[in-house]
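Commentary on secondary and tertiary structure
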Amino acid sequence: MTTFGSTAYRFNSLPSTNDLARELAMKGAAEGAIIVAAQQTAGRGRQGRSWNSPPSEGLYLSLILRPSIKIAEATVITLAAAVAVRDVFNSEYGLECDIKWPNDVMVGDRKISGILMESASEGEHLRYAILGIGINLLQRHFAGELENSATSLYIETGKSIAPDEILRPLLLLIEDEYNTAINKPDHVIERWVERSSYSSGAHVRLFIGDRTVYGITRGLSESGALILETEAGTRRIITAGEISLRKAE
Amino acid sequence: MKSKELRELIELLYEKGFSEFEIERKGFRMRLTRGGEQEPHTLAPSQPIIVASPIPVPLALSGSTVLAEPPKQRSAEASVESIKAATPQSDQEELHIIKSPIVGTFYRAASPDAEPFVRIGDRIEHETVVCIIEAMKLMNEIQAEVSGEVVRCFVENKQSVEYGQKLFEVRT
C-alpha cells in the first residue's frame, strides 16, 4: 500500500514532467512518486502534440506506477484517471464534466484536462507506467487553436484554485481509482460509462489514422476499448482514434 | 537510504533545477528546498501528506540496475541462446520475432516528425525501444529484448495490430 505523493519532486520549470518521470522510473523510483512542475516548456500530448503549460496556471503532474499486471490490463488505468479527474472537479468545485473517450475531461466540447499515460513493457508485463495529467486551472482565456477547444476551472466556475490546492484531493481519488483498476477493473468501466455521454448511443465521428468512421457508440469492452456500431451495421472494437460527437443535423 | 544514493539523488535533482523535494521512508524523512529568484512553493495543508511508506524499497538512483526488475523471460531466453551457441551450428543465423503484447496502433516513431525508433539494418540491444503500441491513449514502448540486427518490419506506421501479431524480425 502506497500513498501517492509521499515522494514528491517539485520544479519551477521542466521541459516535460513525463520525461523526467520516465528517467526516474528507469532508475528505480518507487510507485506513487510524483513529479510536479509549475511550468512545462515542452509539455506533451500523444504523438508529439503539445500541452500548453503556462507558469502556475495549471497542474502539470506525472505519477510513477508499477502495477504487477500485464500490459493488456493496464489500459483501464487511463480511464480510471479520467474518472478521478472528473470526480475531483465535481466533488470539490461543483463543476459537471464529461469524459470523452478514452480519457479527455471536457466541459461541453472544450477540454479542461488531458491525460497521457506512457509505459514500458517487457514481454507481456508492465515494467512501469507514467500517468501524466495536465489540468487547466487559472487561465483567463485561450488563444489561437485552443480558443474554441480549451477551457479552465476559472473560466467555468470563476474560482481561482492553485495547482497545489487541487493536488491533494486529486491524488486521493486517483489512488482509489487506480486500486480499483487493478483489483476490480469492471467497476472502473462501470463508473466511466455512468459519467460519459460518449459511452452508449452517441452518434460519433472517429478519426482513425487517415480514415474517418461514423457510427453509434455501444459501450466499452472490458479493457476500455470503444464498441462502435458503424453505419454499415458492423460492430468494431476501437482502441485508438480521435472521437467527436456529431451535431444533430 | 545510503549516503551514496542520497548524494546521487541530490545531484540529479540539482542538475534538473528542482525547487522542492520531499521523501519519507521508514525512519527517514527528508525535505529539500532550494532558494532562488522565484518564489518558493509553500507547503499548504493541501499538499500531499507525508506518510511513512511501509514499502521498504528506497529510491535507488545509484547503480540503476539495483532495482531493475529481473528480466525473467530474458534469462530463460539467454540460457537457450547459450545452449544454441554451444552447438556446432552456432554460426547459423537465429531469427527472433518481436510480437505485440497488446491490441492497439503501431507507431514507428515518437511523433509524426521524429525519426523512426529503428530501421531495417539497425543494430539493436535488449533495451532498445523498437516501437510504440497505443491503446486507449496508453503509449507503450516495446523493447527489443534481444540484441541483433533488424531485418524486417511486418507492419506499417499507424497500422492496427492484434495481440501476438508479428512486428519485427531480428537476426541475433
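Attention now moves to the packing of helix α4 (residues 163-183) of chain A against helix α5 (residues 185-195) of chain A. All names here are of chain A. The geometry of α4 relative to α5 is characterised by a closest axis approach of 5 Å and an angle of 125 degrees between their N-to-C directions. Between α4 and α5, the interaxial angle falls into the category oblique. Residues Glu177, Thr180, Ala181, Ile182 and Asn183 of α4 form the contact with α5, whose participating residues are Pro185, His187, Val188 and Arg191. Considering only residue class, the contact of α4 with α5 consists of 4 nonpolar, 3 polar and 2 charged.

We now examine the nonpolar core. Within the largest apolar cluster, 83 residues are counted, with the highest numbers of intra-cluster contacts made by Leu59, Phe89, Leu131, Ile135 and Ile166 of chain A together with Val130 and Phe168 of chain B. The dominant element in this core, judged by the number of residues it contributes, is helix α2 (residues 75-93) of chain A, at 12 residues. Apart from residues no more than four positions distant in its own chain, valine 130 of chain B is found in contact with Ile98, Phe117, Val118, Ile124, Ile142, Ala144 and Phe168 of chain B. Grouped together as the second largest cluster of nonpolar side chains are 22 residues, Ala120, Tyr128 and Ile130 of chain A together with Phe18 of chain B included.

Residue and element names in this part refer to chain A. Sheet analysis places strand β8 (residues 200-208) next to strand β9 (residues 211-220), joined by 7 bridges and oriented antiparallel. Across the sheet, residue leucine 206 finds its bridge partner in β9, namely valine 213. Where β8 folds back on β9, the antiparallel hairpin that results is connected by 2 residues, among which glycine 209 adopts a positive phi of roughly 60 degrees. Two elements, β8 and strand β12 (residues 242-245), share 4 bridges in a ladder whose sense is antiparallel. Residue pairing for β12: leucine 206 is matched across the bridge by isoleucine 243.

Quick look at the sheet that holds β8 of chain A now. All names here are of chain A. Spatially, β11-β10-β9-β8-β12 is the arrangement adopted by the 5 strands of the open sheet, whose pairing is antiparallel. At either margin of the open sheet sits one strand with a lone partner, and together these are β11 (235-238) and β12. On average, each strand axis in the sheet is inclined to that of its neighbour by 45 degrees, with strand direction left out of account.

Residues and elements named next belong to chain A. Buried within helix α1 (residues 17-26) we find Thr17, Asn18, Leu20, Ala21, Leu24 and Ala25. Taken end-on, α1 shows its buried residues confined to a sector of 160 degrees, consistent with a single buried face. Of the residues that open α1, the one with a side-chain oxygen 3.3 Å from the backbone nitrogen of asparagine 18 is serine 16. Immediately downstream of α1, the backbone of glycine 28 shows phi near 105 degrees, a positive value.

Before going further, it helps to examine the packing of α2 of chain A against α5 of chain A. Residue and element names in this part refer to chain A. Following both chains from N to C, one finds α2 and α5 inclined at 50 degrees, their axes separated by 9 Å at the closest point. Between α2 and α5, the interaxial angle falls into the category oblique. As for how α2 packs across α5, the hand of that crossing is left-handed. The segment α2 lies against α5, with Val76, Leu79, Ala80, Val83, Arg86 and Asp87 engaging Pro185, Val188, Ile189, Arg191, Trp192 and Arg195. Residues of the contact of α2 with α5, tallied by class, amount to 8 nonpolar, no polar and 4 charged.

Moving on: the confidence of the model for chain B. Residue and element names in this part refer to chain B. Mean pLDDT over chain B works out to 71, with 60% of the residues at or above the 70 mark. Highest mean pLDDT in chain B belongs to strand β5 (residues 123-124) (97); lowest belongs to helix α2 (residues 72-86) (38). Here residues 36-90 is a poorly scored stretch, pLDDT under 50, and it has 93 contacts once near neighbours within four places are set aside; other chains count. Confidence estimates for the predicted assembly give a pTM of 0.79 and an ipTM of 0.93.

Turning next to the layout of surface pockets. To locate leftover empty space, one rolls a probe as large as a water molecule over the atoms. Residue and element names in this part refer to chain A. Roughly 760 Å³ of internal volume is contained in the largest pocket. Lining the largest pocket are 33 residues, with Arg49, Ser50, Trp51, Lys111 and Leu146 sitting closest to its centre. Broken down by secondary-structure element, the contributors of at least two residues to the lining of the largest pocket are α1, β3 (58-65), β5 (104-107), β6 (110-122) and β7 (125-136). Of the residues assigned to the lining of the largest pocket, the class counts are 10 nonpolar, 13 polar and 10 charged.

With that settled, consider the confidence of the model for chain A. On average, residues of chain A carry a pLDDT of 94, and 98% of them reach 70 or more. Per-element averaging of pLDDT across chain A places β12 of chain A at the bottom with 88 and α2 of chain A at the top with 98.

All names here are of chain A. Its place among the elements puts glutamine 39 in the loop between β2 (34-37) and β3. For the pair glutamine 39 and serine 53, spaced 14 residues apart in sequence, the C-alpha to C-alpha distance is 5.7 Å. Residues in contact with glutamine 39, not counting those within four places in the same chain, are Asn12, Ser13, Leu14, Ser53, Pro55 and Tyr60.

Basis of the calculations
- Residues numbered from 1 in each chain as written.
- Chains lettered and ligands numbered in written order.
- Predicted model: local features only at pLDDT ≥ 70, side-chain atom pairs only at ≥ 80, totals over all residues.
- Heavy atoms only, no water.
- Axes fitted to C-alpha atoms, helices over the stretch in contact; angles between N-to-C directions.
- Helix = DSSP H or I, 4+ residues; strand = E, 2+ residues; numbered from the N terminus.
- Parallel < 35°, antiparallel > 145°, perpendicular 65-115°, else oblique.
- Contact = heavy atoms within 4.5 Å.
- Nonpolar A, V, L, I, M, F, W, Y, C, P; charged D, E, K, R; others polar.
- Core = buried A, V, L, I, M, F, W, Y, C linked by side-chain atoms within 4.5 Å.
- Buried < 20%, exposed > 50% of the residue type's maximum accessible area, 1.4 Å probe, protein only.
- Pairing = 2+ DSSP bridges.
- Arc of directions from axis to C-beta.
- Polar contact = N/O pair within 3.5 Å; in protein donor to acceptor, adjacent residues only side chain to side chain.
- Left-handed = near helix turned anticlockwise from the far one by under 90°.
- pLDDT = per-residue confidence, 0-100.
- 1 Å grid on protein atoms, 1.4 Å probe; cavity = no way out; pocket = protein on both sides within 12 Å on 5 of 7 lines; lining within 4 Å.
- Points joined across faces, edges and corners; volume = space filled by probe spheres on them.

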